[in-house]
Amino acid sequence: MQPPLLEGLAPEHRKGDELERDYTPASLALAACHAMTLTSPKPKRILEAHVGGGAWVEAARATWPKARIGVADADPHARGLELGDEVVYRGRCEDHLEEWSEWGKHGPEWFLGNPPFSHAADQLADIAHLCPLSNVAWLLPWDIYATASWRRLLVELRPRFVRPITSRVWPFVRGVCVFEWWN
């Protein structure tokens, strides 16, 4: 079965932020969550570790209303921190490995969202090591396949699905996809 293509939208933010705050448009997050329902089981525990403006939390809540949603962000004032069922931590993901790996007693069932691109490979490796039963669905640049820092990781942790976005989401990234890893 071919996963549906997802349409990009006009950007809401500009590149150049030290925390890489490039928020996902709400309709794109919702389309991605709906696409996931075609191929994945209903999640019970979702962690949005880069919650930002909260588009992924709102989309997850609309798609899986019974799921428990934990939120976190490097920006302690991120609007999305108010939208989850529980704030798991405030700060950079890599500084709070224990909090997110133990959240919900067994760790998150799904990590969902739009991580800072420059830290995503390391964070995915941490997730695979600390929460081997967790799944990941992240919005990332298509060209991670041509990036040295991703080379080994993409061989060891091949994505289950890659859902291309059919137009630009932000002017500074040519192409993005929703990558899904199922452990």
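Reference entry: report on the structure contained in this document. (Residues numbered from 1 in each chain as written. Predicted model: local features only at pLDDT ≥ 70, side-chain atom pairs only at ≥ 80, totals over all residues. Heavy atoms only, no water.)

Concerning the environment of E18
One can find E18 in the segment before α1 (26–36). Classification of E18 by relative accessible area gives exposed; the value is 61%. E18 sits 98 residues away from P116 along the chain, and the two C-alpha atoms are 9.9 Å apart. (Helix = DSSP H or I, 4+ residues; strand = E, 2+ residues; numbered from the N terminus. Buried < 20%, exposed > 50% of the residue type's maximum accessible area, 1.4 Å probe, protein only.)

Overview of the environment of W142
In this structure, W142 sits in the loop between β5 (135–141) and α5 (148–156). Apart from residues lying up to four places away in sequence, W142 is in contact with V162, G175, V176, C177 and F179. (Contact = heavy atoms within 4.5 Å.)

Some details on α1
Among the residues making up α1, those that are buried are L28, A29, A32, C33, A35 and M36. Buried residues of α1, seen end-on, are gathered within an arc of 160° and therefore sit on one face of the element. In the core, the buried residues of α1 are packed alongside α2 (55–63), β4 (110–113), β5, β6 (161–164) and β7 (176–182). (Arc of directions from axis to C-beta.)

Things to note about the pattern of salt bridges
Counted according to the given criterion, the structure contains five salt bridges. Here E58 ties to R79 by a salt bridge, and the two come within 3.4 Å at their closest N and O atoms. Remark: R79 occurs in the loop between β2 (68–73) and β3 (86–90) and E58 occurs in helix α2; sequence separation between them is 21 residues. For the salt bridge of E156 with R152, the shortest nitrogen-to-oxygen distance reads 2.7 Å. Of this pair, E156 and R152 both sit in helix α5, four residues apart, which is roughly one turn of that helix. On the basis of relative accessible area, R152 is assigned to the exposed category, the value being 52%. (Salt bridge = Lys/Arg side-chain N within 4 Å of Asp/Glu carboxyl O.)

Details of the side chain of T39
Among the structural elements, T39 can be located in the loop between α1 and β1 (45–48). With relative accessibility at 18%, the residue T39 sits in the buried group. The contact partners of T39, leaving out residues within four places of it in the chain, are F161, R163, E180 and W182.

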